[in-house]
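# Notes for the structure review
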Amino acid sequence: MIQGTLAVYYRELLILRRRLSRLVPSWAVSPLLYLIAFGYAMGKHVTIDGHTYMEFLIPGLIAMSSMTQAFAISGEINIARFYWHIFEEIQAAPVSDFSYVLGEVLAGMTRAFLAITVILGLGLLFGVVLSCNAWFWLAVFLNSFVFASLAVGLAMLVKSHADQAMVTSFVITPMAFLGGTFFPVENFPFWAQKIINLLPLTHASTAIRTASYGQTPSLFSFIILGVTGGVFFYISVLCVKKAKD
Amino acid sequence: MIKIENLCKTYKTIQALNDVNLQVNKGELFAFLGPNGAGKTTTIRILTGLTRLSSGRVMLNGFNVENPGIESRRQCGLVPQSINLDQELSVFENLNIHGRLFRMNKQKRIRKIQELLDYVEMGDRKKTLVKNLSGGMKRRLMIARALLHSPAILFLDEPTVGLDAGMRRKIWALIKKTQQHGITIFLTTHYIEEAEFLADRVAFLDRGNIVVVDSPGNLINSQGTWALDRLMEDDMETIYFNDRKEANNYIAIRKDSFTLRRVNLEDSFLALTGKKVK
């Protein structure tokens, strides 16, 4: 099993390495603009729970970026599937569906971790030093696991690149803005909070933010992320099986 | 080596394969010939485990394709119709990934990659990015990749589609050379001359049904040796003769314009199915 996973992961790493010089600037652009526009210009005099808005914003951006970059593996899978037809090469090999999903999920998580280091670097430029303790990394790990697993499953369900873009517009983008990234969830009406608290990103951003303030996040958030990730992973394995017509 | 029994494949309401029965012997080069949509690719996809069969049984070298274990997957090397190489990666990287997917150890992988690149005359292209290769080189690389894990059977789905005549002949030579190494080859094509030149036996496939299985020689001879084509208003009439003199005599007593040529597999296909291969 592990050899199949490593082979799939190795392939994604080679592609990632080839594109790294283009990817790193692209990982930096959006967070940089958010930091300048929201953190520096708009939120200069705003404090939330005794922290500057910049200190509030950067953990949110880390949660958002780990989500979007882990989810971006779905785009890579679709290119491999619809454009390069590489998926057939993997299907014809002695690689189990589980190994394949695990390899792709690890690749998505790797992207997420690399993107986060870029944001942490940007944070330093703005003079924000976060506490990157074990809880912080665990929350990032689980968040990227959730969205990389979701990405693999959805990549198997969509029928074209256009479908993939639609999924991103309807699932990822709303979550990125509503999941406690840019403002506290408590600012929403009570009924909306109920819905937003169902989103995995809300738990991820809360846990990452709490950890980066040097406090211990709620165990409940970790359980939610772990269970959601596990369910998405299992569904992805089933979707890969189903992708065989 | 390959045993197909009562194979059927249905896509919703479309019957892609209908009760296909076939046996391919060890070391044989077997060609599936048929027009687009006949079911050639579906057959190869089922044989290589990419598509599930609806009913029937397929055995590859003693392994049932419906129980895809490591050994059963190792039996097959596949060269699909479309180029499925990682364009942004190098020739070596593409082969290395394949070797890893098939669980080859590093030492064996590196040795076989060099061996096969020399075999397909691309030994000096190891570091070249695939996107910079010509169409013919990509096809040769795909053959090398399919052979990397030493399969017993090589499946080639339209291996020369889109290539010029010169490169097509180069690929044919490579396929023949591969067969001489004892590998069983299952090929689909809609190029008549490809099946004629390469195959030990040919199956004609028409709308998911096998019409006939025989050697190209027997199939051609069943129609005669010479053919006269006469262009009509909206069709072409072909008349067959056993010797050239007979055909010339036929032309001599008619005012129409004819084209005299040797009978080929297309004639046999036309006679048996009522349609052309292309």
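Quantities reported herein were computed from a predicted structural model and do not represent experimental measurements.

## Digging into the domain arrangement of chain B
Split into domains, chain B comes out as domain 1 (2-215) and domain 2 (224-262). Taken over C-alpha atoms, the centre of domain 1 of chain B sits 38 Å from the centre of domain 2 of chain B.

## Some thoughts on the interface of chain B and chain A
Many authors give the size of an interface as the accessible area that is lost as the parts come together. Of the residues lining the interface, 31 residues belong to chain B; the matching set on chain A comes to 28 residues. Both sides together, the interface formed by chain B and chain A hides about 2800 Å², and carbon and sulfur atoms give 51% of it. Area buried by chain B at its contact with chain A is led by E88, L101 and R103 of chain B, which between them contribute 24% of it. For the salt bridge of E88 of chain B with R19 of chain A, the shortest nitrogen-to-oxygen distance reads 2.7 Å. Here chain B is connected to chain A by 14 residue pairs in polar contact (both at pLDDT 80 or more). Of all the secondary-structure elements, those providing two or more residues to the side of chain B that touches chain A are β1 (2-11), α2 (70-74) and α3 (91-101) of chain B.

## Some remarks on the nonpolar core
The biggest cluster of nonpolar side chains holds 84 residues, and the ones touching the most others in it are I62, Y100 and F147 of chain A together with L101 of chain B. Ranked by residues supplied to this core, first place goes to helix α6 (residues 134-157) of chain A with 14 residues. Sequence-distant contacts of Y100 of chain A, defined by excluding residues within four places in its chain, comprise V8, I77, F87, I90, V95, M156 and V240 of chain A. In terms of nonpolar packing, the next biggest core, distinct from the first, is built from 47 residues, L29, V120, L133 and V263 of chain B among them.

## Examining the pattern of salt bridges
Scanning the model with the defined rule gives 22 salt bridges over all chains in all. E12 of chain A is the salt-bridge partner of R11 of chain A, the closest N and O atoms lying 3.3 Å from each other. The residues R11 of chain A and E12 of chain A share a single accessibility class, namely buried. One salt bridge connects R57 of chain B with E5 of chain B, and the closest N-O pair in it is separated by 3.2 Å. Placement of the pair is R57 of chain B in strand β4 (residues 55-60) and E5 of chain B in strand β1, with a sequence separation of 52 residues. Of the residues examined, R57 of chain B reaches a relative accessible area of 36% and is grouped as partly exposed. With relative accessibility at 25%, the residue E5 of chain B sits in the partly exposed group. One salt-bridge network, in which partners are shared between bridges, spans R19, R22, E76 and R111 of chain A together with E88 of chain B.

Rules used throughout
- Residues numbered from 1 in each chain as written.
- Chains lettered and ligands numbered in written order.
- Predicted model: local features only at pLDDT ≥ 70, side-chain atom pairs only at ≥ 80, totals over all residues.
- Heavy atoms only, no water.
- Domains from an automatic or database assignment.
- Contact = heavy atoms within 4.5 Å.
- Buried area = accessible area lost by both parts, 1.4 Å probe.
- Salt bridge = Lys/Arg side-chain N within 4 Å of Asp/Glu carboxyl O.
- Polar contact = N/O pair within 3.5 Å; in protein donor to acceptor, adjacent residues only side chain to side chain.
- Helix = DSSP H or I, 4+ residues; strand = E, 2+ residues; numbered from the N terminus.
- Core = buried A, V, L, I, M, F, W, Y, C linked by side-chain atoms within 4.5 Å.
- Buried < 20%, exposed > 50% of the residue type's maximum accessible area, 1.4 Å probe, protein only.

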